[in-house]
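One-letter residues, chain by chain:
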Amino acid sequence: MRVLITGVTGFAGSHLCDLLLTKEDVEIFGVKRWRSQTENIEHLQSKITLLEGDIRDSTSMREILKKVRPDRIFHLAAQSFVLTSWKLPMEVLETNIMGQLNLLEGVRSLGLDPLIHIAGSSEEYGLVQPEDLPLKEETPLRPLSPYGVSKVVQDLLGFQYFKSYGMRIIRTRGFNHTGPRRGSVFVTSDFAHQISLIEKKRIKPVIRVGNLEAVRDFTDVRDMMRGYWLALEKGEPGEVYNIASGKGIKIREVLDCLLKLSGVEVKIEEDPEKMRPSDVPILIGDSHKFREKSGWRPEIPFEKTLRDILDYWRERI
Ligand code: GDD
């Protein structure tokens, strides 16, 4: 089976590679931008084929698709940090929407028929009403960030290409996922990174935070990638599936848990730069539809995930 991954050097892409390397008869091809760091995939680079390209460039995507002729595609490449999307809305919308269009048009124009996974997001739900919780796939999409809007468009484009051209597209809406290799701007890594710096006395014992009142539904990235794989194994083309733990946790509790794991004494300071113009207050997902279809359930407890992230940063500093 020839599997193409866009965004292979990213956090999710690297963990998906780890998983696919445990499967028999899977050949992995990854799209890499010429300037992308390869640190996340250094340990497995010799076991996969890296192809230089960029989802924003239709010519490069067509050439890659022509060469690989994949049986399956995991489309993970995207601008994924929500806060940046208010600062660079054009870049985020263009990368995420046009990037996916280049991929789908490439597949269509070459007459290929791969199974395609589109990685949507719980950010698509945006402004959630209390009666909507936990969020089902039918809950209205009311995104509150340019990033959320870009993911809604990716999601709907996936649906439209399935309907219009019969392309075998399966969409997932992944709730927050984290683990080792998470970029330092995302909340769990952001806190763990600062804590490790404090442990090594590199910075004063002050943690700078954003909105601690937000509630998110976290899954370990390794469980999430198992979900992505199962989505193509067992999912129905044209369908969309939530992948979530079903449990909400306040960001303040995430910080408390990391501090407890470390044992450092710190002062907590709000950083206005980390506040968002409209932060999604609460996201808790209902993933029954996916669990029933695929048999997926999360296995790694959140405390282990946090411990692993902390260890990841400790090794790096
Ligand atoms: N990054 C960050 N840093 N977030 C903070 C901080 C901080 O110091 N303090 C509080 N937060 C809050 C944010 O305001 C947000 O409510 C929550 O912590 C999580 O922030 P992120 O880790 O940046 O993730 P996200 O929820 O915005 O988006 C992530 O999850 C989506 C799925 O719901 C990303 O991975 C997206 O790409 C993904 O689609």
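## Observations regarding the domain arrangement of the chain
Here is step 1 of the chain: Split by domain assignment, the chain resolves into domain 1 (2-177 + 218-243) and domain 2 (183-216 + 247-282 + 300-316).
Here is step 2 of the chain: Here the C-alpha centre of domain 2 lies 26 Å away from the C-alpha centre of domain 1.
Here is step 3 of the chain: Tallying the contact residues gives 18 residues for domain 1 and 25 residues for domain 2.
Here is step 4 of the chain: Between domain 1 and domain 2 lies a buried interface of about 1900 Å² when both sides are counted; carbon and sulfur atoms form 61% of it.

## What to know about the packing of helix H2 (residues 58-68) against helix H4 (residues 89-109)
Here is step 1 of the chain: It is at 9 Å that the axes of H2 and H4 come closest, and there the two elements cross at 45°. Relative to H4, the element H2 lies oblique. In terms of crossing hand, the pair formed by H2 and H4 is right-handed. Packed against H2, whose contacting residues are Ser-58, Met-61, Arg-62 and Leu-65, the element H4 presents Asn-102, Leu-103, Gly-106, Val-107 and Ser-109 at the interface.
Here is step 2 of the chain: Residue composition of the contact of H2 with H4, grouped by class: four nonpolar, four polar and one charged.

## Looking at helix H7 (residues 221-234)
Here is step 1 of the chain: Relative to the 20 Å expected for 14 residues at 1.5 Å per residue, H7 spans 19 Å between its end C-alpha atoms, a close match to the ideal helical length.
Here is step 2 of the chain: Of all 14 residues making up H7, ten are buried, and the element is well covered by its neighbours.
Here is step 3 of the chain: By the burial criterion, the buried members of H7 are Val-221, Asp-223, Met-224, Met-225, Gly-227, Tyr-228, Trp-229, Leu-230, Ala-231 and Leu-232.

About the criteria used
- Residues numbered from 1 in each chain as written.
- Predicted model: local features only at pLDDT ≥ 70, side-chain atom pairs only at ≥ 80, totals over all residues.
- Heavy atoms only, no water.
- Domains from an automatic or database assignment.
- Contact = heavy atoms within 4.5 Å.
- Buried area = accessible area lost by both parts, 1.4 Å probe.
- Axes fitted to C-alpha atoms, helices over the stretch in contact; angles between N-to-C directions.
- Helix = DSSP H or I, 4+ residues; strand = E, 2+ residues; numbered from the N terminus.
- Parallel < 35°, antiparallel > 145°, perpendicular 65-115°, else oblique.
- Left-handed = near helix turned anticlockwise from the far one by under 90°.
- Nonpolar A, V, L, I, M, F, W, Y, C, P; charged D, E, K, R; others polar.
- Expected span 1.5 Å × (residues − 1).
- Buried < 20%, exposed > 50% of the residue type's maximum accessible area, 1.4 Å probe, protein only.

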